[in-house]
Amino acid sequence: MINLQLDAVVPMLCVTLGALAAMAGEALRGTGPRMPVGWFGIIGLAGAAVSAVILWNPTPEAFREDFGVIVADNFGLFVTLVLAVVGILTIMFSSQVIHRDKLPAGEYYALVLFSIVGMMMMATATDLLVIFVALEILSLAVYVLTGIRRDDLAGTEAAFKYFLLGAISSAFFLYGIAFTYGVTRSTRLSAIAQYLSAQSMAGEPMVLIALGLLLVGFAFKISAVPFHMWPPDAYEGAPAFVTGFMSTGVKAAAFAAFVRVFLSSFEPFRDMSAAGPGWAPIVAVLSAATMILGTVVGVAQGNLKRMLAYSSIAHGGYLLVGLV
């Protein structure tokens, strides 16, 4: 490889090129038979998977933080491989439904691929601001995918609700980044971890506020209780294949960023101490509440998509147990 710092973006570049090719194919196709633009996405995702395998077990020089904010470590590459598989399956299962519902194929495939680019960026980013940018990339694409059936009022309502709640959670996350920068003078995860470990800041109000705001932002994306309001409506109003995509890809990317931030930068504040509370007991309570509510309320649902939404909420609680 030419540059270890630039190699980390190769999987995202492959998917981005696939998305641009899908858009161009849809725009340039004639009035004859429909061009199979989904193949551009499959090729891009396959290229991302192959590049992730090639980058597996990087050398120690690949983790230098001189200017790179994306790192190709095994954790991020594993999530990248998972997202590539999810994207390929989503495109393969969507082709017949797109033709049946007369959806704009180029727009749909491009939105799916751009959202996967944001997910991969979230999983491999080592800077809070880059994580926020990745979060917005994937969120904006998923908002549009939720309401891609423009003549469906339920889908439009679901997309609007998802957009409003997502904007609020993004504001919480951005304020958390601002408070973190105010304390540590950096948004790099490694620099934040180094500063918080070196300083005796347990119980510091500014750090606790930053921690709480970031926790709210992540809890919304993984639909943890009490920030679980959006999945039932969004899953019910979105097309079935978009529902499956949201329940897998969005959660995988959000958990990857959640783990990377809280188990590296805020590891010194993991456990409760005499100087102040830790985030692990709080996440444990969120995990228990999420598992219980998702399971109990899901049983009472009369709509299959809403039942699957609450099942997804419960699974988020199971995953939080691993984080704790």
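Bear in mind that the values here come from a model prediction, so they are computed numbers and not experimental data. The written sequence of each chain sets the order in which its residues are numbered from 1. Note on the predicted model: pLDDT of at least 70 is required for a residue's local features to be given, and 80 or more for side-chain atom pairs to be given and counted; whole-chain, interface and lining totals, by contrast, use all residues. The side-chain quantities take in all heavy atoms of the structure and omit both hydrogens and water.

1. Some words on the packing of aromatic side chains
In step 1: Think of it this way: a Phe, Tyr or Trp ring, Trp meaning its six-membered ring, pairs with another when their centres are within 6.5 Å, and the plane angle makes it stacked under 30 degrees, edge-to-face over 60, tilted otherwise. In this structure the tally under the stated criterion is 14 aromatic pairs.
In step 2: Both rings, one in Tyr 162 and one in Trp 230, keep their centres 4.6 Å apart while their planes meet at 0 degrees; by these two values the pair is stacked. Separated by 68 residues along the polypeptide, Tyr 162 in helix 7 (residues 153-184) and Trp 230 in helix 10 (residues 230-237) bring together distant segments of the chain. Just as Tyr 162 is buried, Trp 230 falls in that class too.
In step 3: Relative to Phe 218, the ring of Phe 173 has its centre 5.1 Å away and its plane inclined at 80 degrees; by these criteria the two rings are edge-to-face. Taken together, the residues Phe 173 in helix 7 and Phe 218 in helix 9 (residues 205-221) connect sequence positions 45 residues apart.
In step 4: A relative accessible area of 2% places Phe 218 in the buried class.
In step 5: Within the aromatic cluster, the residues linked to one another by ring pairs are Phe 132, Phe 173, Phe 218, Phe 258, Phe 262, Phe 266 and Trp 279. Each helix is a run of H or I in the DSSP string that is no shorter than four residues. Each strand is a run of E no shorter than two, and both are numbered from the N terminus. Under the scheme applied here, a residue whose accessible area is under 20% of the maximum for its type counts as buried, over 50% as exposed, and between as partly exposed, the area being computed with a 1.4 Å probe on protein chains only.

2. As for the environment of Met 119
In step 1: With respect to the secondary-structure elements, Met 119 resides in helix 5 (residues 105-124).
In step 2: A relative accessible area of 0% places Met 119 in the buried class.
In step 3: With 19 residues separating them in the primary sequence, Met 119 and Leu 138 have C-alpha atoms 6.2 Å apart.
In step 4: In what follows, residue pairs with any heavy atoms lying within 4.5 Å of each other are defined as contacts. In this view, Met 119 contacts Leu 83, Leu 138, Phe 245, Gly 249, Val 250 and Ala 253; residues no more than four positions away in its chain are not counted.

Coordinates in, geometry out; function isn't part of it.
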